[in-house]
Structures are given as C-alpha cells and as structure tokens.
Number of protein chains: 2
Amino acid sequence: MALGKDYATQQCSIARALEIVGERWTLLVVRDALYGVRRYNDFLVHLGIPRAVLAARLQTLTAEGILEKRRYQQSPPRDEYVLTDRGIALWPTLRALGLWGREHYTDARLRSFRHADCGTELGAYGECPACGGVVPVGDVVMWPGPGLDRDPADPVSRVLLKPKRLLEPLETESV
Amino acid sequence: MALGKDYATQQCSIARALEIVGERWTLLVVRDALYGVRRYNDFLVHLGIPRAVLAARLQTLTAEGILEKRRYQQSPPRDEYVLTDRGIALWPTLRALGLWGREHYTDARLRSFRHADCGTELGAYGECPACGGVVPVGDVVMWPGPGLDRDPADPVSRVLLKPKRLLEPLETESV
DNA sequence: CAGGTCAGTTCATTGACTGAACCGTAAGGA
DNA sequence: TCCTTACGGTTCAGTCAATGAACTGACCTG
C-alpha cells in the first residue's frame, strides 16, 4: 500500500487486508460500489476524488479481484466496475466501521439499513432481528435518514436519497 | 486524515470513521492495543513503524478518545496507552477486516480467537457458537495458529506466541 | 561519571495525493 | 462536414505525508 512499503513485518491477516484496502479512498470506492455506483464518472462526482487516484484505485481493485471491469456498451466503448464476491465480502467490515463512526462521531442519523423482506432495521452484525438470520447484501435496503442533506449538489447523491437496494445498479446513471 | 484533506463532501459515517482511523498504521496500532500492547517501545518494535509516525498516531488516537494516556511510573515518568471504550468498540471492525483478509489473502492460519469460558472458536461476528452470545472483548483469547513464525525477531511477537487474553497488558513489557 | 533505556523530536529524502490541464474516442447537432 | 459535448482516462507540477537515521533529554544502573 501507501509509500512503497507494505506492512512487510506483519504476520497478520488484518495487515494483509489493509495492504489492499487500507489506502486512502479505497474503502469509500467499495462503499459506493455497494451502494450501486458502477461508473467512473459517478464515482468521481460522488466521492470528489481526484481523477488520477480514482483510476489508480479502480485498477488496483480490479487487479485484486474486488471489482470486475465489464463492458456494457460497445460504442463508444464503456466499462462499468462491478463488485465481485470478494468485494461484497467487505460489507461486514464497512458495516462495522459505519456503525462505529455513527456511534462515536456522527450526531444525526444519516442512513439506515433494513431487511428488504420485512423492513426491519438490521442489527449490529447485519442480521435481521425479526427474521433471525444474517441478511444477504442483496437483500439489504438503504434508507435515507433525517440527517441527510435534502438537496445535494451531485446527481448520484440525489439518486441515493431514495430507498435503494444494495448492489442494484444506480438508475439514471450519469444523469 | 492523510494529505490535509478530509472526506469533507461525504455525508457518511463510514467516511467520518475513516477520517479518524483511516490513516496508514492507525488501525494496526489499535489492533496491537487490543492485543495488549501499551508502551511506545512495544508498538515500535512490533509494528516496525517509524518513530515519528507512531508518536503522531498515539497523539491523534489519544486526542480522539480512542486511547488513554496513563502514567504508570513516576520516575522516570512513563506513560502507557490504554484503549478506551471507544477504542475497544473497534473490535468488530478489526475482526471483520481480519476475517476478510484471512479468507481471501492469507494462506496459513495465523491466529484464532476463542471464547475464554468454553474454548470455542468465535463465529464471524465475534459470537460464541456454543454459548450463543456476543463475547465481550475481554473474554476473547487469542491463540497462535500453525502459520505463525515460531521464532520472530522482536520480543513482543514472542510474547504473543502464547495464548493471550485480549486487552490484558503484555507481560514482560519491554523485555 | 560512563553507559544504557525510554520516549520522543528534528530533518533531509522519498513518494503519494491533489488539482488542473490535456487527450482520444465517439456520439449528436447544425 | 464541422463543432460541441460526454466519457474515461493520462500527464504534470506542486504539496504534503511517510520514512529512516540521527539527535535530545530525562532518568536509572554500575
């Protein structure tokens, strides 16, 4: 990861994981991918990330098998970046991180995550308290919370103001 | 976090969390703290982190209320850094990250985490499959796995070759 | 007093991130 | 046909963080 040096001396799967997803922006790209963002331009406007960094991250994530580059249009040639199973497997990590951030640093409720089948808000480990099992990522619906800006500048944030199933591609991609 | 810029445009508790623990080395410092490391020099040799960076991280983590600086000896004045509740609350995140790294990138089994009361290996969410509840961090015992180097260079790693309850201070601190 | 330990700070160098500009392909419109 | 726009990048100069080695200062031990 960053600065030519990996965590070489570490014999630890946390360190290994951080070598791959520990760079600046990387986990936010994965988060957006979970939210359904798939296209370069949508990542760009939603994250406010420098273009060069985005290109580098997408390439690394693709090389690591976390995203998959997929042609969705021949002419002009356009690719989208879709999460692989390995990428989807980062959901518990992001969930835990988001919960921690919400608990300790975010005042307002920004989003909630609910079980699509029954509408119950997920528990701390992504399980459904009502149905009593871990909810697959594709069955999680993200709801906007009261703390969210009602009139964001970028189109991607605007689309995300509506309840949205995770992994489902954004509609009106690149409005 | 890194490079003067925070994730300012992000309305997201994941982004907020990453502003605090997303910098290089930070999560590894927290991990070591969970393992029982408390002293500057022990972090230093175990992580192989540059001294200046370690000092900066310890200061930030203390300022953020994740670590607490505590004088344990008057003369010469010596402080140790102990996890607060806020820091301990990062355990699920690190657990998820480690599990992901192990699943996807680590070949050998490096460590396992078991419930102190019954010896059962923890489930994916830090629960005990036998006792059927989430195990408090202080009741988790870390066991070395077969993939671990049997003869590491630094004394901290050597201490960690024995089963070790999380949060419990390292014995033979600074051998 | 010499030597060692611990917990830092200082500093020159390296290298990653940033922001702005530029580029190539292709579509759409006049 | 020419002009413009959209998309998905690449290039580049400037900035800022990480690195590693050296240094500091307080204190203990022999």
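Heads up: the structure comes first, above all this text.
The structure displayed is predicted, hence computed values, not measured ones. (Residues numbered from 1 in each chain as written. Chains lettered and ligands numbered in written order. Predicted model: local features only at pLDDT ≥ 70, side-chain atom pairs only at ≥ 80, totals over all residues. Heavy atoms only, no water.)

Undergrad: I would appreciate a short explanation of the overall build of chain A in the present structure.
TA: When you go through chain A residue by residue, the secondary structure sums to seven helices and seven strands. The helix and strand sequence of chain A, counted from the amino end, reads α-α-α-α-β-β-α-α-β-β-β-β-α-β. Burial statistics for chain A: of 175 residues in total, 50% are counted as buried. Of all intrachain contacts in chain A linking residues separated by at least 6 positions in sequence, the fraction that spans at least 24 positions is 50%. Approximately 7900 Å² of chain A is accessible, and the part contributed by carbon and sulfur atoms is 50%. (Helix = DSSP H or I, 4+ residues; strand = E, 2+ residues; numbered from the N terminus. Buried < 20%, exposed > 50% of the residue type's maximum accessible area, 1.4 Å probe, protein only. Contact = heavy atoms within 4.5 Å. Areas by Shrake-Rupley, 256 points an atom, 1.4 Å probe, with all protein chains shown as cover.)

Undergrad: Sorry, what's going on with helix H2 (residues 26-35) of chain A here?
TA: In an α-helix, one turn spans 3.6 residues; hence positions three or four apart end up facing the same way. Residues and elements named next belong to chain A. Among the 10 residues of H2, 10 are classified as buried, and the element is accordingly described as predominantly covered. When H2 is considered as a whole, its buried residues turn out to be Thr26, Leu27, Leu28, Val29, Val30, Arg31, Asp32, Ala33, Leu34 and Tyr35. One or two positions beyond H2, positive phi appears at Gly36, with a value near 110 degrees.

Undergrad: Looking at this structure, how should I read the relation of the copies chain A and chain B?
TA: The second copy of the chain is related to the first by a rotation about an axis and a shift along the axis. Between chain A and chain B, the superposition needs a rotation of 180 degrees and an axial shift of 0.0 Å, giving an RMSD of 0.0 Å. Here the transformation between the copies is reduced to the relation of a two-fold axis. Taking C-alpha positions as reference, the residue of chain A nearest the rotation axis is A:Thr93, located at 2.7 Å. In this assembly, 100% of the residues forming the interface of chain A have copies in chain B that are likewise at the interface, indicating an isologous arrangement. (Least-squares fit on C-alpha atoms with pLDDT ≥ 70 in both.)

Undergrad: Explain the interface of chain A and chain B to me, please; I cannot follow it from the model alone.
TA: Each partner contributes to the interface: chain A provides 51 residues, whereas chain B provides 51 residues. Taken over both partners, the interface formed by chain A and chain B buries close to 4600 Å², and the fraction arising from carbon and sulfur atoms is 62%. Joining chain A to chain B, the criterion identifies zero salt bridges. Joining chain A to chain B, the criterion identifies 28 residue pairs in polar contact (both at pLDDT 80 or more). Put simply, the parts of the chain that give the side of chain A that touches chain B at least two residues each are helix H1 (13-21), H2, helix H3 (40-47) and helix H6 (91-104) of chain A. (Buried area = accessible area lost by both parts, 1.4 Å probe. Salt bridge = Lys/Arg side-chain N within 4 Å of Asp/Glu carboxyl O. Polar contact = N/O pair within 3.5 Å; in protein donor to acceptor, adjacent residues only side chain to side chain.)

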